Amino acid sequence: MSAFNAIGDEREIDREEYTPGVEPQPTWCPGCGDFGVLKSLKQALPEVGRTPEETLVCTGIGCSGKLNSYLDTYGFHTIHGRSLPVARAAKLANDGLEVIAAGGDGDGYGIGGNHFIHTARENHDMTYIVFNNEIFGLTKGQTSPTSPKGHKSKTQPGGTAKTPIRPLSMSLTSGATYIARTAAVNPNQAKEIIAEAIEHDGFAHVDFLTQCPTWNKDARQYVPYIDVQESDDYDFDITDRGEAAQMMQETEDVLNEGTVLTGRYYVDEESPSYQEEKKEPRPRPAGTAGRAVLRRRRRVGT
Ligand SMILES: Cc1ncc(C[n+]2csc(CCOP(=O)(O)OP(=O)(O)O)c2C)c(N)n1
Ligand code: SF4
Ligand SMILES: [Mg+2]
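Parameters and conventions
- Residues numbered from 1 in each chain as written.
- Chains lettered and ligands numbered in written order.
- Predicted model: local features only at pLDDT ≥ 70, side-chain atom pairs only at ≥ 80, totals over all residues.
- Heavy atoms only, no water.
- Helix = DSSP H or I, 4+ residues; strand = E, 2+ residues; numbered from the N terminus.
- Rg over C-alpha atoms; globule rule 2.2 N^0.38 Å.
- Buried < 20%, exposed > 50% of the residue type's maximum accessible area, 1.4 Å probe, protein only.
- Contact = heavy atoms within 4.5 Å.
- Areas by Shrake-Rupley, 256 points an atom, 1.4 Å probe, with all protein chains shown as cover.
- Lys, Arg positive; Asp, Glu negative; His and termini not counted.
- Charge placed at Lys NZ, Arg CZ, Asp CG, Glu CD.

Talk me through the overall build of the protein; I want residue IDs and the actual numbers.
The secondary structure content of the protein amounts to nine helices and 10 strands. Over its C-alpha trace the protein gives a radius of gyration of 21 Å, about what one expects of a compact globule, namely 19 Å for 302 residues. Structurally, the protein occupies a C-alpha span of about 80 × 50 × 40 Å along its principal axes. Buried positions account for 50% of the 302 residues belonging to the protein. In the protein, the proportion of contacts linking residues at least 24 apart, taken out of those at least 6 apart, comes to 70%. For the protein, the accessible area works out to roughly 14,600 Å², and carbon and sulfur atoms hold 51% of it. Of the charged side chains in the protein, 32 are positive and 43 negative, and the gap between their average positions amounts to 14 Å.

Written out as structure tokens, the structure is:
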């Protein structure tokens, strides 16, 4: 797609514009699913006509947090679990920016979980990509909030006794207005979903399954995947909250049994984003003007 340059002329965007001149080669391990997120973003951004200078990518800490080092957009590598508050502040300061926040499952569903819930609830207009590899990758393989029950790691050598978080369901109940799951092993779907999420007006959450072949040897569980929109076995209305909730529940239930369901789960185009709501003129609180007059009169002794 074309975009406009600084003096308003239309121009074509080249995918290579997003590749930085310094440190262009990712340091992720060979076979890491994080490459899939980078690739799909680099494909989706020009497709929806967002230039590097119109885009901000805020990341948390983790292997996933390196994403903005490999993208020549504006970037903010924040502290652990804090990509969303920084992204919110940037969007509030400059509504014209295309804001993308990204981080890992530990970053976004663990330490940053509170920010996730409230950014979704307030429907801030941004895209949030969670690299879900079901492990703490950067710190060498500890159990994360999405590790399946019984998963063995250095921190839980006997297998974790905890049930994993339900990211899609949590997103829906919190208030996100676009919710999808995709996987690094499904690049075409990933690119389409990321593009839709960027174009969505409101909080768009993409749970992106990214295998970690170094620390999570169960990585192959993400293949084969089933696209719920493509498969005849699944028929639900993505605009219906109840049907979406049921489909999410099933998706989360079967993941750790080896059935990987991906696709769009919920889209709400009706609810205004936080940014849209802020543009509406607000009614003046009743009685405020009267009280101000009263205070002034008292001061001058009337
Ligand atoms: C406040 C704080 N606590 C702990 C850490 C150590 N730490 C760095 S990355 C990380 C977990 C990363 O896991 P995840 O978010 O899933 O990202 P991944 O590396 O798997 O992409 C932890 C615990 C930190 N940097 N800051
Ligand atoms: S440790 Fe895992 S998540 Fe991190 S770069 Fe290597 S494969 Fe990717
Ligand atoms: Mg992780």
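Give a detailed account of unusual backbone geometry, specifying residues and quantitative values.
With an omega of -5 degrees, the peptide bond running from Val223 to Pro224 counts as cis. Positive phi, normally seen in glycine, also occurs at Glu134, with a value near 60 degrees. As for its position among the elements, Glu134 is in the loop between strand S6 (126-132) and helix H5 (167-174). Positive phi, close to 80 degrees, is recorded for Lys140, a residue that is not glycine. Along the chain, the position of Lys140 falls in the loop between S6 and H5.

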